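Topology and contacts: notes
Below are the chains, spelled out letter by letter.
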Amino acid sequence: MKPNRVVIIGSGLGGLSCAFILSRNGYDVTVLEQGTQPGGCLQCFRRQGVKFETGMHFIGSADRGQVMDRLLRYLGVTADIRLSRLDPAGYDVVSLQGQQFRLANGREPFIETLARDFPGQKDRLQRYFDLVRQVAAASSLRSLRVADSDASPLNTTYQLRSISDVLHEVVGDPLLSHVLVGNLPLYAAERDKTSFATHAFITDFYNQSAFRVVGGSDLIAQSLTASITRQGGRVLCRKRAVSIDCDGQQARGVLTADGEYHPADIVIAAIHPARLVELCDSPLLRPAYRRRVAALPETVGCFSVYLRFKPRTVSYMNHNFYGYHQPSPWDCEQYDDASWPRGYLYMHFCSEDGQQWADGGVIIGYMQYSEVQRWQGTPIGRRGTDYEQLKRDRAERLISAVCREFPALRQAIAGYDTSTPLTYRDYTGTERGAMYGIARDIALGPAARVHHRTKVSNLLLTGQNINSHGALGVLVGTVVTCSELLTSERIFNDIIKANE
């Protein structure tokens, strides 16, 4: 008889998508969320009437029949959200010391647009683009194919080679190579550490198509929560898990801070592996496993400035803008006080169809956790004047950096709010407020990855920490985790049926 009761810790995209799939297939599912609203990095917030994203600012591959569209249809989300397309002629704009380059959707537009800036590099651009497509397509999960293994020779090769190494070989031209990695804040890539495969997956995902969710990505969380409830599941907020109860062989349930006990036949931790280790004292999680999780490198954190604009003063910017006041996007995480910020990502929010004027935007720059670590453990909103002064200083620096490219911006700002790695740590439970969880350093090989299974046979992990960054990486992780209970063939067949 199959296990029936599933308790999922964490209501980010990974937790909610697992809950949707399992409740749809007859499991009795309870999602435990420590915060006041479900969604994790899908959460949004309002300040003085302006709505802001916290994590999933835009998605890719969402045109009809593309991989994200197929997954969203399977999850029953498409009826509840509207998408606003980013500019196909330049969904990403990369500025290197004031010189701007556009990344266009589709193979030919992408190559032709960049070839106008690099007329002698068209053949190399073709070679680069085709390699990106080949590496991305080699993943059976990302192309939603049933396969015995994702370890194809091509996939394996480029999981072990760095972005910088491959671009030096395939592209050669330093400036063009820097343009091609101009969007590296989307996955916090590091020179000589991040695999080319990661770059290929992200590049291909957004190159196929790019969209913002009209009204905010929390609508995805709301849609999934409503579907889970209709299917007999529960999404419970203000339920902070404090321990996973285990006997000598299995997990038996989850205890929350309010003293409630939630019995379970299966426990899925849609949280950082470090949080799982803290919650589970079972001897089946060996000391070596605990030490390895504790030693895993994390991606860098970020400092965000959420801008509120004066009415009808800022035209809606239908692309993402990556600004660098240095020759290369690399090494922006290696700053000192005098050199920060070395780069930033600037975006607007889409609040309505056919938007003409922006209500708000965000500027994101890297921030090391060490800058805010001394306030760790202090309550939100009561961290003292030194912390507030640090945030004001960083906000003004980021705004000044953006104003070099957008001189009229400062006069259009009605006000702003900020967040630091501490904010992300407190609201999402990520280790050290990392932007994308565990960093996949090619030097560590398989040791940089955490498997979705644990030595506790009915205790599983899901989310970007067991697969890869971003919305697609999380949903692929969901398929991997749920396949332990349903098989991948069954899930893929259901995806096909949902898209007929």
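Each remark here, short or long, concerns the structure printed above.
Summary of the structure given here. A quick note: this is a predicted structure, and the numbers were derived from the prediction, not measured.

A short note on the side chain of Glu53
By the secondary structure assignment, Glu53 is in strand 4 (residues 50–53). No salt bridge is formed by the buried Glu53, whose closest oppositely charged neighbour, Lys51, lies at an N-O distance of 7.4 Å. Not counting chain neighbours up to four residues away, the residues in contact with Glu53 comprise Gln43, Cys44, Phe45, Val213, Gly216, Ser217, Tyr306 and Phe349.

What to know about the sheet that holds strand 10 (residues 234–236)
On the basis of which strands lie adjacent, the open sheet formed by 5 strands has the order 10-2-1-14-20 and parallel pairing. One side of each edge strand has no neighbouring strand; the edge strands of this open sheet are strand 10 and strand 20 (459–461). In this sheet, neighbouring strand axes are inclined to one another by 20 degrees on average, regardless of whether the strands run parallel or antiparallel. Pairing geometry for strand 1 (residues 5–9) and strand 14 (residues 266–269), over 4 bridges, is parallel. Across the sheet, residue Val6 finds its bridge partner in strand 14, namely Ile266.

Brief notes about the packing of aromatic side chains
Counted by the stated rule, this structure contains 17 aromatic pairs. With a centroid separation of 5.6 Å and 65 degrees between ring planes, the pair formed by Phe52 and Tyr306 is classed as edge-to-face. Of the two residues, Phe52 sits in strand 4 while Tyr306 sits in strand 15 (residues 301–309), which places them 254 residues apart along the sequence. Its relative accessible area of 0% is what places Phe52 among the buried residues. With 5.2 Å between their ring centres and 70 degrees between their planes, Tyr346 and Phe406 make a pair best called edge-to-face. Separated by 60 residues along the polypeptide, Tyr346 in strand 17 (residues 343–348) and Phe406 in the loop between helix 12 (385–403) and helix 13 (409–412) bring together distant segments of the chain.

Quick notes on the rules
Residues numbered from 1 in each chain as written. Predicted model: local features only at pLDDT ≥ 70, side-chain atom pairs only at ≥ 80, totals over all residues. Heavy atoms only, no water. Helix = DSSP H or I, 4+ residues; strand = E, 2+ residues; numbered from the N terminus. Buried < 20%, exposed > 50% of the residue type's maximum accessible area, 1.4 Å probe, protein only. Lys, Arg positive; Asp, Glu negative; His and termini not counted. Salt bridge = Lys/Arg side-chain N within 4 Å of Asp/Glu carboxyl O. Contact = heavy atoms within 4.5 Å. Pairing = 2+ DSSP bridges. Axes fitted to C-alpha atoms, helices over the stretch in contact; angles between N-to-C directions. Phe/Tyr/Trp six-rings, centres within 6.5 Å; stacked < 30°, edge-to-face > 60°.

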